[in-house]
Every structure is written in C-alpha cells, then in structure tokens.
Amino acid sequence: MNHSKDQQGNIIVILIGIYTKRTLQKSQLVKKKCENRFLVQQITILYFLVSGNYKNLIVTFTFHRRMGFYFIQFYIPCIVMVSLSWISFWMDRYYIGERLSLGVTTILTIVFLLGSSNSTMPRVSYAKAIDWYLLGSFIFVFSTLVTDLLVYRFRSKEESRKKEQEEDGKEKKVTKY
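Residues numbered from 1 in each chain as written. Predicted model: local features only at pLDDT ≥ 70, side-chain atom pairs only at ≥ 80, totals over all residues. Heavy atoms only, no water.

Q: Any details on the packing of aromatic side chains? Residues and values, ideally.
A: Per the stated rule, a full pass over the model turns up six aromatic pairs. A ring pair is formed by Tyr70 and Phe74, whose centres lie 6.4 Å apart and whose planes are at 20°; its orientation type is stacked. In this pair, Tyr70 and Phe74 both sit in helix α3 (residues 67–85), four residues apart, roughly one turn of the helix. With a relative accessible area of 6%, Tyr70 lands in the buried category. Residue Phe74 is classed as buried on the basis of its relative accessible area, which comes to 2%. Consider the rings of Trp86 and Phe140, whose centres lie 6.2 Å apart with planes at 85°: the pair is edge-to-face. Taken together, the residues span a long stretch of sequence, with Trp86 in the loop between α3 and α4 (96–120) and Phe140 in helix α5 (residues 129–176) at a distance of 54 residues. Among the residues examined, Trp86 registers a relative accessible area of 34% and is labelled partly exposed. In this structure an aromatic cluster arises from ring pairing among Phe69, Tyr70 and Phe74. (Phe/Tyr/Trp six-rings, centres within 6.5 Å; stacked < 30°, edge-to-face > 60°. Helix = DSSP H or I, 4+ residues; strand = E, 2+ residues; numbered from the N terminus. Buried < 20%, exposed > 50% of the residue type's maximum accessible area, 1.4 Å probe, protein only.)

Q: Any details on the nonpolar core? Residues and values, ideally.
A: Counting 15 residues, the largest nonpolar core has Tyr70, Ile110, Leu113 and Ile130 as its most contacted members. Among the elements of the structure, α3, α4 and α5 are those that each provide at least two residues to this core. Here this core gets seven residues from one element, more than from any other, and that element is α3. Those residues in contact with Ile130 that lie beyond four places of it in its chain are Phe74, Tyr75, Ser117 and Met121. (Core = buried A, V, L, I, M, F, W, Y, C linked by side-chain atoms within 4.5 Å. Contact = heavy atoms within 4.5 Å.)

Q: Any details on the environment of Ile110? Residues and values, ideally.
A: Note that Ile110 resides in helix α4. You can call Ile110 buried: its relative accessible area is 1%. Considering only alpha carbons, one finds Ile110 and Leu134, 24 residues apart in sequence, at a separation of 7.0 Å. Not counting the four nearest positions on each side in its chain, Ile110 is found in contact with Cys78, Met81, Leu134, Ser137, Phe138 and Val141.

Q: Requested: an account of the environment of Val141, with residues and values cited.
A: Residue position: Val141 is located in helix α5. Once you skip the residues sitting within four places of it in the chain, Val141 turns out to touch Met81, Val82, Ser85, Gly103, Thr106, Ile107 and Ile110.

Purely geometric numbers; function is a separate question.
Printed below as a string of structure tokens:
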C-alpha cells in the first residue's frame, strides 16, 4: 500500500554559521515533532570541520508517511458516517423527522471531516486522494437524504390520493340513495 509520494527525502544546506555538537543534536527535535504523521527514517548530517566548529552543515531528512494516522482520523469515521446514513433505509417511511435529522447530521459530519482534512494537510493546487474520497462519501450521504425526501413526497401523494378516493366513494354512495 505504498505510494510514490509516501516517502520523500529533503536536503537542507546551511552554509553560514558555526555549529557545535550541541547544536547538531537539536535535529532530534525535528524527529519528535513529525512522529504523529510521518516516520523520520533517516537523518544524515554532513559537516565540514573548521578549527573545532562546523562551518557548513548539510542535513538530509527522509520521511515516510504513516497511514494509520489518516485511517483513524479520516477514513474510518467517514466509513462509519456513510454506514450510519444508510440506517434510514431500514426506518419506517412514516418517521420522516428522524430520517431527515439523521441525514443532515451525517452530511454535516462529512463536511466537517472534509474541512478538517484540508486544515491538517498542506495547501496544494490540486485535489488530493482524500478529497476525492470524502467527496464520494458526501455524494453517498447526500443521495441517501434525497432518497428520504423522495420517499416522504411519494408517501404524502399516496395518502392524498387515497383520501380523495375515499371522499369520491362517499359522494357516490350519497347520490345513489
């Protein structure tokens, strides 16, 4: 399940400055800050020694994306929300209030997940895979809500038609006698 963008290497070249071994050990802080979303596989530090201090510093970071974070934060909640919206298909057609409240709640949750994913990811000019996934989930949940509205509309038309037929039947009985 590895993608070509799941592993990335970055090279930082710092040319000006004097670095001691204490300064170079601060690179461990970068490793700790990235642990929740990325696994820092390798930090390579190349330096040039000039009279006891390091004059030039070249640092290479190799990051590997941790997919567990994204599954727990976005994919699993999205699957749960889509499944939850489908519960309305098993509800009685007369419970329109409950069906609509369930549909609106799941739509709002999917929109929240979409906004949350966009706020935690870097800004890019193209749609990411998680954007397409959440958009597809939104379409599923929205179509469930539209289905609930159609069921309500057809049910109310059916009831009004039955009521008209009953009234017509009563009028015919009254005119015959």
